Amino acid sequence: MGSSGDNHKIAFEKDGVFLNTSTKRAHDQDTHIPGVIRIIEKGADTVLEWTPVGESREQSQFLYSKKDSSVNGASHTEEDVFDPGYEPDWAVISTVGTRSRPQEDVRALAQCPGAHSKWAFSISLSELKSIRRNKPGLGWSYLIFISKDGISFPALHFHAGGTKALLKCLCKYVVLATSKKDCRLYLICSHDSHALSQSFDELQLFDENSSDLVSRFIQDPYAATFGSFSKVTNFLRGALRPPDGPRHRPLREIAAGVDLDQQDEPGFEVITCQADLGQRPTVQRQETLTATEWGKHLDSQGRVRDVEVLKKKIFKGGLCHSIRREVWKFLLGYYPWDSTAEERKVMVKQKTDEYFRMKLQWKSVTEDQERRNSLLRAYKSLIERDVSRTDRNNKFYEGNDNPGLVLMNDVLMTYCMYNFDLGYVQGMSDLLSPILYVTQNEVDSFWCFTGFMEKVHRNFEESQESMKEQLEKLALLLRVLDSALCDFLDSRESGNLCFCFRWLLIWFKREFSFPDILRLWEVQWTGHPCPNFHLLVCCAILDSERDALMNSNYGFNEILKHINELTMRLNMEDILCRAEALYQQLAACAQLQLSVQQILGLAQDTTPTPSSGSSMGSSPQALTPSQMQESELTDSALHSLPDSSIEILHTDDGTIESTHSP
């Protein structure tokens, strides 16, 4: 459009753009400052800047960088800018509050004269994370620009139009990813997209002309992974790689833990040859643990004897259904293994009181309070929607007036009170459903669920480090077990193992039938025969499909489609036999490298543990709104469940009975 000197080219310019200095909804004319918005090419960088009318572009007071979190000396986040009605679908309690940073972190470029010059700002497009626009038909069009650091700039109102032209111009430099369910939100990604193996916490991509399921996976793996990969299109090929770069990090590179050009650096164990694993043993499953056998493991006072022997029996054969209700409480840490029957009765009463105190915290919130608590409304809406579609084909949950649905809803809402840091994230209803089905008791299911979440809460952390670590460990195991399969996946740009994401996230809940999941979970809860046995289950599934994948010469799309179509078709007993055989094969290998030994618990893992959010009992870091499922929370989302209540009856034996009433 023009040049501004100093090799700076103005690619877009629009006047009549008013900056709103207030975070309130009131349209006070004094809070709207007229100005000009520009997109300026500055050599290799492109910036977006706004300046008040009559002030030159060189007088922008602040240049935003990742160290900046202030505009006009005040800290702003997405919660306290204009349009406080924005409710992120996966909002979490830990997002309450604003970030403050030292004033000296703000880099002033120039002292601008004039009363309004202090509001001028400039930000590189590479630092933009997202853009929000107003609801259609409600006054002037406005945009809110949000940085990658979560800092929101004041709303810019386009009194003379121009928002579409601005967004169209931005598309020349970045990808604008439009949410299918929240058309007001644009997520920003550079054209040279990172590989999928690096995208879990960096890419927020959504192609506005495609309903392709894999593009939704890239935008939000936590939401899209619950869907189907069967509608894969060639859009993914362009989305996963830069024009002249690789689409993924090869499995051989992941297995080594370093880039190929860094393999000579010290401190890494690089796979240079295939270890001789020997012949894979044949493994047979055993009979399930019966009620009679369970009783033999209890002493006269109700303590469990020979716990490790018992766990091995459960691992080898699972439990008969009649004793799951009791044994799961031990496996999930609700009951201590060394507790007596009398001690457990006392503990149940204490845990029951504790549960209902937490439940009362959200049950006692009035409608007036709820109107001012956007986070609580967000939780209720998301939980109600997820509960309404979780395992509805199971008789225990079928029908709209089923009390089991209300119990699931109440347990998940109470968990939000129990774990403020994590709250509710999509997928938790999948983890609770089998537990509630087995215990058929609100209080017992809650405390068993918290025990399960202690094992898997890192899957839902904001950094997603746990998911990436698990995928890298899986890649290492697979490379050692079957290098030919790894080479094949690498050659088909599937070496990132993205199709395993859902398996790991919710422990294969969507891959096996409901009865099979009960068996698979109780087997994995024993901790036998090794840590990370779930990774060997992944390897076993891939091993079972090895010939189908390689002999059919599948390409990238066909591999994803084939893996997705395995849902409900896998033989759980066969997979468990394969997984155990793989472990025995690895454990018997004398040349097994140290990194694999550490994954399987055959050698001490000396990897430093992060200071927070990593240990089993530490508080997890909650997901940010931009990483959550991006559908707008409106009143229409509350249709999932009818208005209902649960009457809780305390019985003499400490159990809870629930009756449903309209």
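Keep in mind that what you see is a predicted model, and the values were worked out from it rather than measured.

1. What about the overall build of the protein chain?
Along the protein chain, the regular secondary structure elements total 23 helices and 15 strands. With 662 residues in all, the protein chain has 55% of them scored as buried. Within the protein chain, contacts between residues separated by at least 24 positions form 70% of all contacts whose residues are at least 6 apart in sequence.

2. Let's talk about the pairing of strand β8 (residues 121-124)
Looking along a regular strand, one sees the side chains alternate between the two faces of the sheet. Of the two faces of β8, the one carrying Phe121 and Ile123 and the one carrying Ser122 and Ser124 are both buried. Sheet analysis places strand β4 (residues 45-52) next to β8, joined by 4 bridges and oriented antiparallel. Looking at the pairing, Trp50 lines up with Phe121 of β8.

3. Notes on the state of the cysteines
All told, the structure shown has 0 disulfides when counted by the stated rule. Here Cys171 stays free of any disulfide, with the sulfur of Cys169 as its closest cysteine sulfur at 9.0 Å. The exposure class of Cys171 is partly exposed, given its relative accessible area of 35%.

4. Considerations on the side chain of Asp444
Tracing the sequence through the fold places Asp444 in helix α14 (residues 442-456). For Asp444, a relative accessible area of 5% translates into the label buried. With residues near it in sequence (within four places) discarded, Asp444 still touches Lys329, Tyr334 and Thr439.

5. Re the confidence of the model for the protein chain
With 65% of its residues at a pLDDT of at least 70, the protein chain reaches an overall mean of 75. Taken as a whole, residues 23-29 scores under 50 in pLDDT and shows 12 contacts with residues more than four places along the chain or in a different chain. Counted against residues more than four places away or in other chains, residues 228-248, with its pLDDT under 50, gives 55 contacts.

6. Details of helix α13 (residues 428-439)
When the terminal C-alpha atoms of α13 are compared, their 17 Å separation across 12 residues agrees well with the 16 Å that a helix rising 1.5 Å per residue should span. Burial of α13 is extensive: 11 of the 12 residues sit out of reach of the surface. Taken residue by residue, α13 has Met428, Ser429, Asp430, Leu431, Leu432, Ser433, Pro434, Ile435, Leu436, Val438 and Thr439 as its buried positions. Each element contacted by the buried residues of α13 is listed here: α8 (321-331), α11 (374-387), α12 (403-418), α14 and α18 (514-525). Trailing α13 by a residue or two, Gln440 shows a phi angle of about 50 degrees, which is positive.

7. Remarks on the packing of aromatic side chains
Tallied over the entire structure, the rule returns 24 aromatic pairs. Note on Phe315 and Phe533: the rings are 5.3 Å apart at their centroids and 75 degrees apart in plane angle, and the pair reads as edge-to-face. Here Phe315 is found in helix α7 (residues 307-317), whereas its partner Phe533 is found in helix α19 (residues 533-544), with 218 residues between them in sequence. Across this residue pair, the class does not change: Phe315 and Phe533 are buried. Seen in terms of ring centroids, Tyr437 and Phe514 are 5.0 Å apart; in terms of plane orientation they differ by 85 degrees. Their pairing is edge-to-face. Of the two residues, Tyr437 is situated in helix α13 and Phe514 in helix α18; the sequence distance between them amounts to 77 residues. Under the relative-accessibility criterion, Tyr437 is labelled partly exposed at 23%. Among the aromatic residues, those joined into a cluster by ring pairs are Tyr355, Phe356, Tyr415, Tyr418, Phe446, Trp447 and Phe449. The ring of Trp447 carries the charged tip of Lys351 above its face, separated from the ring centre by 4.1 Å.

8. Structural notes on the packing of α13 against α14
Axis separation between α13 and α14 bottoms out at 9 Å; the angle between their running directions is 140 degrees. Classified by the angle between their axes, α13 and α14 sit oblique to one another. The handedness of the crossing between α13 and α14 is right-handed. Only Asp444, Ser445, Cys448, Phe449, Phe452, Met453 and Val456 of α14 make contact with α13, whose side of the interface consists of Met428, Leu431, Leu432, Ile435, Leu436 and Thr439. Class assignment for the residues of the contact of α13 with α14 results in 10 nonpolar, 2 polar and 1 charged.

9. What to know about helix α22 (residues 572-587)
The end-to-end C-alpha distance of α22, which contains 16 residues, comes to 23 Å, matching closely the 22 Å that a straight helix rising 1.5 Å per residue would cover. Residues Met572, Ile575, Leu576, Cys577, Ala579, Glu580, Ala581, Leu582, Tyr583, Gln585 and Leu586 constitute the buried set of α22. On its buried face, α22 sits against α7, α15 (465-481), α18 and α19. In this structure Asn571 caps α22, since a side-chain oxygen of it lies 3.1 Å from the backbone nitrogen of Glu573.

10. A look at the environment of Leu185
As for its placement among the helices and strands, Leu185 is situated in strand β13 (residues 185-190). C-alpha of Leu185 to C-alpha of Asn134: the two residues are 51 residues apart in sequence and 9.3 Å apart in space.

11. Some words on the pattern of salt bridges
Pairing is possible between side chains that carry opposite charge, provided their charged atoms lie close to one another. Taken as a whole, this structure holds 31 salt bridges when the rule is applied. In this structure, Arg38 and Glu13 form a salt bridge, with 2.7 Å as the shortest nitrogen-oxygen distance. With Arg38 in strand β3 (residues 32-42) and Glu13 in strand β2 (residues 8-20), the pair connects residues that are 25 residues apart, well separated along the chain. For Arg38, a relative accessible area of 11% translates into the label buried. The salt bridge involving Lys359 is made with Glu442; its shortest N-O contact spans 2.8 Å. With Lys359 in helix α9 (residues 341-363) and Glu442 in helix α14, this pair connects stretches of sequence that are 83 residues apart. Each of Arg285, Arg324, Arg519, Glu522 and Glu573 takes part in a single network of salt bridges with overlapping partners.

12. Considering the packing of α13 against α18
The interhelical angle for the contact between α13 and α18, taken along N-to-C directions, is 95 degrees, at an axis separation of 11 Å. Viewed along their axes, α13 and α18 adopt a mutual orientation that is roughly perpendicular. Residue-level contacts link Asp430, Leu431, Ser433, Pro434, Ile435, Tyr437 and Val438 of α13 to Phe514, Ile517, Leu518, Trp521 and Trp525 of α18. Along the lines of polarity and charge, the residues of the contact of α13 with α18 split into 10 nonpolar, 1 polar and 1 charged.

13. A short note on the environment of Ile563
Counting through the fold element by element, Ile563 comes out in helix α21 (residues 556-564). Relative accessible area serves as the criterion here: at 4%, Ile563 is assigned to the buried category. For Ile563, the contacting residues outside a window of four places in its chain are Phe499, Trp503 and Leu542.

14. Thoughts on unusual backbone geometry
Here the amide bond leading from His528 into Pro529 is cis, since omega sits at -5 degrees, within 30 degrees of zero. Within the secondary structure layout, Pro529 lies in the loop between α18 and α19. Even without a glycine there, the phi angle at Trp507 is positive, about 55 degrees. Of note, Trp507 is situated in the loop between α17 (501-505) and α18. Its identity is not glycine, yet Phe508 carries a phi of approximately 65 degrees, on the positive side. Tracing the backbone shows Phe508 in the loop between α17 and α18.

Rules behind the numbers
- Residues numbered from 1 in each chain as written.
- Predicted model: local features only at pLDDT ≥ 70, side-chain atom pairs only at ≥ 80, totals over all residues.
- Heavy atoms only, no water.
- Helix = DSSP H or I, 4+ residues; strand = E, 2+ residues; numbered from the N terminus.
- Buried < 20%, exposed > 50% of the residue type's maximum accessible area, 1.4 Å probe, protein only.
- Contact = heavy atoms within 4.5 Å.
- Pairing = 2+ DSSP bridges.
- Disulfide = S-S within 2.5 Å.
- pLDDT = per-residue confidence, 0-100.
- Expected span 1.5 Å × (residues − 1).
- Phe/Tyr/Trp six-rings, centres within 6.5 Å; stacked < 30°, edge-to-face > 60°.
- Lys NZ or Arg CZ within 6 Å of the ring centre and 35° of its normal.
- Axes fitted to C-alpha atoms, helices over the stretch in contact; angles between N-to-C directions.
- Parallel < 35°, antiparallel > 145°, perpendicular 65-115°, else oblique.
- Left-handed = near helix turned anticlockwise from the far one by under 90°.
- Nonpolar A, V, L, I, M, F, W, Y, C, P; charged D, E, K, R; others polar.
- Polar contact = N/O pair within 3.5 Å; in protein donor to acceptor, adjacent residues only side chain to side chain.
- Salt bridge = Lys/Arg side-chain N within 4 Å of Asp/Glu carboxyl O.

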